[in-house]
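Residue-level structural notes
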Amino acid sequence: MCKQLLAVTAIPFFLSLTGCDTDGVWAAAASEKQDFHYTKPLNQGGRFSIENMNGSVEISGWDKNEVDISGTKYAKTKAYLDEIKIDVQASTGVVSIRTIPPVDRSNSNAGAKYIIRVPRQVATDLASSNGSIQLSSVEGTAKIRTSNGRVGAKSVKGLVDITTTNGNVDIADVTGGARVSTSNGTVDADNLHGEFNAKTTNGGIKARLFDIPSNALVKATTSNGPVELTVDQVRSDIRASTNNGHIHLRVPSNTNARVDARTSNSNVTSDLAVTGGNSSSKKHLEGTIGSGGPHIDLSTTNGSIRLMKGASI
């Protein structure tokens, strides 16, 4: 459970927490709970969406043409609990779920948690507040939005678009690329195939990237944290920046690229030969690797920059 509570607004449906989930906070404050379960048909290739509040959402794919919905709603009193409605709209092509809160949200400590199975081939649109979202084993585009909660995506075939606040993002075995935005959280992407664009404020970014499209910019931006990237080949521009942290970029030894790497209060080093350019400062490295090619742009203020060869893919 997160122990660092920064602020609670007058309407306690929103908690401002730093780098943690609030699932446990709401559940601990709720004395009334009630389980629910629904099963709805949904064809492979259909669409699934959920809009939740104050609770976690865990979704995984399976080979059945149906959605299995299990969960628990909770609140401070029985009256508030009874007011929470689980609205499920379903057809063979679309299933949508919405958690409807009590009319009087103040001091209700109300929320809901979900564990859901969906057809493996499905496009997903997932939204929650004050809770984590986990998605795994699906084939289709995924849009994920939450606040004050971590996000995980594993074994997904399709572009993953993630937005959260005050939470870490963990991605693994995703084919189709990822676009990630968070604050006060880290971004960790392992075995990601496709485009990569990640932004955070107070947290590091670490990624192992494959099969980057030649027309896709690789971008990793943070304010306070390191950036560590490993790519299987340099086919597109790479841009990494931070203010307070190091930058490590690992590329194959046969890379052809143009590089511009600079720091204000440390050194820039490269395992690969860099020719040309006008910079002789240890804080700035500019020139050509091999025969030139895509642009590698690396910048930090308080941290070192290392360009390494022999990508450990």
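The following refers to the structure shown. What you see is a predicted model, and the numbers here were worked out from it, not measured in a lab.

Within the chain one finds two helices and 28 strands. Buried positions account for 47% of the 313 residues belonging to the chain. Here the analysis covers contacts within the chain between residues at least 6 apart in sequence; of these, 47% occur between residues at least 24 apart. When the accessible surface of the chain is summed, it comes to about 13,500 Å², and 45% of that surface belongs to carbon and sulfur atoms.

A few words on the nonpolar core. Considering soluble globular proteins, one finds that nonpolar side chains tend to be buried as a cluster. Phe48, Tyr114, Ile116, Phe196 and Leu229 are the most contacted members of the largest nonpolar core, which totals 70 residues. Setting aside its immediate chain neighbours within four residues, leucine 229 contacts Phe196, Ala207, Val218, Ala220, Ile238, Ala240, His248, Leu249 and Arg250.

What follows is about the pattern of salt bridges. Evaluation of the coordinates by the stated rule reveals seven salt bridges. Across the pair arginine 120 and aspartate 63 runs a salt bridge, and its minimum N-O distance is 3.0 Å. Placement of the pair is arginine 120 in the loop between strand E9 (111-119) and strand E10 (122-127) and aspartate 63 in the loop between strand E5 (57-62) and strand E6 (66-75), with a sequence separation of 57 residues. Taking relative accessible area as the criterion, aspartate 63 reaches 63% and is therefore assigned exposed. Between arginine 262 and aspartate 260 there is a salt bridge, with the nearest N and O atoms lying 3.5 Å from each other. Classification of arginine 262 as partly exposed rests on a relative accessible area of 30%. Look at the salt bridges and you will find they share partners, linking Asp260, Arg262 and Asp297 into a network.

On to the pairing of strand E15 (residues 169-175). Looking at chain direction, strand E13 (residues 151-157) and E15 are connected through six bridges and run parallel. Its bridge partner being in E15, valine 156 is matched across the sheet by valine 174. Where E15 and strand E17 (residues 187-193) come together, six bridges link them in parallel fashion. Bridging across to E17, valine 169 finds its partner in valine 187.

In this structure the tally under the stated criterion is two aromatic pairs. Between phenylalanine 36 and tyrosine 38, the aromatic rings sit 6.1 Å apart at their centres with planes inclined by 40°, giving tilted as the arrangement. When the ring of phenylalanine 36 is compared with that of tyrosine 114, the centres are 5.3 Å apart and the planes differ by 65°; the resulting orientation is edge-to-face. In this pair, phenylalanine 36 sits in strand E3 (residues 32-41) while tyrosine 114 sits in strand E9, placing the two residues 78 residues apart along the sequence. Here the two residues phenylalanine 36 and tyrosine 114 agree in accessibility, since each one is buried. Clustering of aromatic rings is evident, with ring pairs tying together Phe36, Tyr38 and Tyr114.

Its identity is not glycine, yet asparagine 166 carries a phi of approximately 55°, on the positive side. A positive phi is found at aspartate 211, a non-glycine position, where the angle reads about 50°. Positionally, aspartate 211 belongs in the loop between strand E19 (205-210) and strand E20 (218-221).

We now examine the pairing of strand E11 (residues 133-139). As paired strands, E5 and E11 are joined by four bridges and run parallel to one another. From the neighbouring strand, isoleucine 59 faces E11, where its bridge partner is leucine 135.

Conventions adopted
- Residues numbered from 1 in each chain as written.
- Predicted model: local features only at pLDDT ≥ 70, side-chain atom pairs only at ≥ 80, totals over all residues.
- Heavy atoms only, no water.
- Helix = DSSP H or I, 4+ residues; strand = E, 2+ residues; numbered from the N terminus.
- Buried < 20%, exposed > 50% of the residue type's maximum accessible area, 1.4 Å probe, protein only.
- Contact = heavy atoms within 4.5 Å.
- Areas by Shrake-Rupley, 256 points an atom, 1.4 Å probe, with all protein chains shown as cover.
- Core = buried A, V, L, I, M, F, W, Y, C linked by side-chain atoms within 4.5 Å.
- Salt bridge = Lys/Arg side-chain N within 4 Å of Asp/Glu carboxyl O.
- Pairing = 2+ DSSP bridges.
- Phe/Tyr/Trp six-rings, centres within 6.5 Å; stacked < 30°, edge-to-face > 60°.

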